[in-house]
Amino acid sequence: EPEVTQTPSHQVTQMGQEVILRCVPISNHLYFYWYRQILGQKVEFLVSFYNNEISEKSEIFDDQFSVERPDGSNFTLKIRSTKLEDSAMYFCASKGRQGNQPQHFGDGTRLSIL
Amino acid sequence: RKEVEQDPGPFNVPEGATVAFNCTYSNSASQSFFWYRQDCRKEPKLLMSVYSSGNEDGRFTAQLNRASQYISLLIRDSKLSDSATYLCVVTMDSNYQLIWGAGTKLIIKP
């Protein structure tokens, strides 16, 4: 069964540094998402991406964040000038064309900011 | 008011028992409904979609009441492997952004 893959599984970074989290969505999916989950808290929506552009973003997704789909296969989340509170699990998800299809999640990247 | 509310839990239940999870959502424009399960420090995994007519998948039954904006999940004959956090999730807009409940933790005891 096709799956969403994310790399790295764990990223440790000094505060103030930039990180890039990578995702390879399921190949025929058209909608792409990033979510985050701070330890012990609920999953939070960050951004959705469709037709090569951001379709919606949450209040969390400020100028510190950006997304790219550089080559038609990868979907990346860049966090500039990381802060301690950026430490969380970051999940990538993708969804097929039909409206009621569920989103499929990657295993997540655990980001630890020191 | 929270957009998606679930029982706070945790539920401590003996193996073989039936467990019921409840969820309410605030936006009547919600379009699609799902139950995900999440094991500790793992990604959410789709358990089942929830359809207006209700649907069943083995030991799991999901119900949707649009008038009451209420979703339920029933697990019959619970197994130790059912221990996880169960997340109620809805989508509202054309981007299919998922709105998550806080989850209800289920602990099945032998």
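Residues numbered from 1 in each chain as written. Chains lettered and ligands numbered in written order. Predicted model: local features only at pLDDT ≥ 70, side-chain atom pairs only at ≥ 80, totals over all residues. Heavy atoms only, no water.

Glancing now at the overall build of chain A. Helix and strand content of chain A: zero helices and eleven strands. Listed N to C, the secondary structure of chain A is β-β-β-β-β-β-β-β-β-β-β in terms of helices and strands. Taken over the C-alpha trace, chain A has a radius of gyration of 13 Å; the compact-globule value for 114 residues is 13 Å, and the two agree within 12%. Along the first, second and third principal axes, the C-alpha atoms of chain A reach 40 × 25 × 25 Å. The buried share of chain A, taken over its 114 residues, is 46%. (Helix = DSSP H or I, 4+ residues; strand = E, 2+ residues; numbered from the N terminus. Rg over C-alpha atoms; globule rule 2.2 N^0.38 Å. Buried < 20%, exposed > 50% of the residue type's maximum accessible area, 1.4 Å probe, protein only.)

It is worth spelling out the pairing of strand 3 (residues 19-25) of chain B at this point. Residue and element names in this part refer to chain B. Residues Val19, Phe21, Cys23 and Tyr25 line the buried face of strand 3, whereas the alternating positions Ala20, Asn22 and Thr24 sit on a face that is not buried. Across six bridges, the pairing between strand 3 and strand 8 (residues 70-75) is antiparallel. Along strand 8, the bridge assignment pairs Phe21 with Leu73. (Pairing = 2+ DSSP bridges.)

Turning our attention to the pairing of strand 7 (residues 65-68) of chain A. Successive residues of a regular strand alternate their side chains across the two faces of the sheet. Residue and element names in this part refer to chain A. Here strand 7 shows a buried face lined by Phe65 and Val67 and an unburied face lined by Ser66 and Glu68. For strand 7 and strand 8 (residues 75-79), the ladder comprises four bridges, and the chain directions are antiparallel. Its bridge partner being in strand 8, Ser66 is matched across the sheet by Lys78. Linking two consecutive strands that pair antiparallel, namely strand 7 and strand 8, is a turn of six residues; a positive phi of about 80 degrees is found at Gly72 within it.

All names here are of chain A. Strand order in the open sheet made by the four strands is 1-3-8-7, with antiparallel pairing throughout. Both edges of this open sheet fall to strand 1 (5-7) and strand 7, since each of them pairs with a single strand only. Taking the axes of each pair of neighbouring strands and ignoring which way they run, one obtains an average angle of 20 degrees across the sheet. (Axes fitted to C-alpha atoms, helices over the stretch in contact; angles between N-to-C directions.)

Time to look at the sheet that holds strand 7 (residues 60-65) of chain B. Residues and elements named next belong to chain B. Strand order in this open sheet of five strands is 1-3-8-7-6, and the pairing throughout is antiparallel. Of all strands in the sheet, those with a lone pairing partner are strand 1 (4-6) and strand 6 (55-57), marking the two edges. Taking the axes of each pair of neighbouring strands and ignoring which way they run, one obtains an average angle of 15 degrees across the sheet. Note that strand 1 and strand 3 share three bridges and pair antiparallel.

Okay, the environment of A:Ser94 next. All names here are of chain A. Secondary-structure assignment places Ser94 in strand 9 (residues 88-95). By relative accessible area, Ser94 is classed as buried at 0%. In terms of polar contacts, Ser94 uses its side chain to reach the side chain of His29, at 2.7 Å. (Polar contact = N/O pair within 3.5 Å; in protein donor to acceptor, adjacent residues only side chain to side chain.)

So, about the interface of chain A and chain B. Across the boundary between the two partners, chain A contributes 23 residues, which contact 18 residues of chain B. Both sides together, the interface formed by chain A and chain B hides about 1,800 Å², and carbon and sulfur atoms give 54% of it. Together, A:Lys42, A:Val43 and A:Phe105 form the three largest contributors to the area buried by chain A at its contact with chain B, with a combined 25%. Joining chain A to chain B, the criterion identifies four residue pairs in polar contact (both at pLDDT 80 or more). At the level of secondary structure, the elements contributing two or more residues to the side of chain A that touches chain B comprise strand 4 (31-37), strand 5 (44-50), strand 6 (53-57) and strand 9 of chain A. With four residues, strand 4 of chain A is the single largest residue contributor to the side of chain A that touches chain B. (Contact = heavy atoms within 4.5 Å. Buried area = accessible area lost by both parts, 1.4 Å probe.)

Just distances and angles here, no functional claims.
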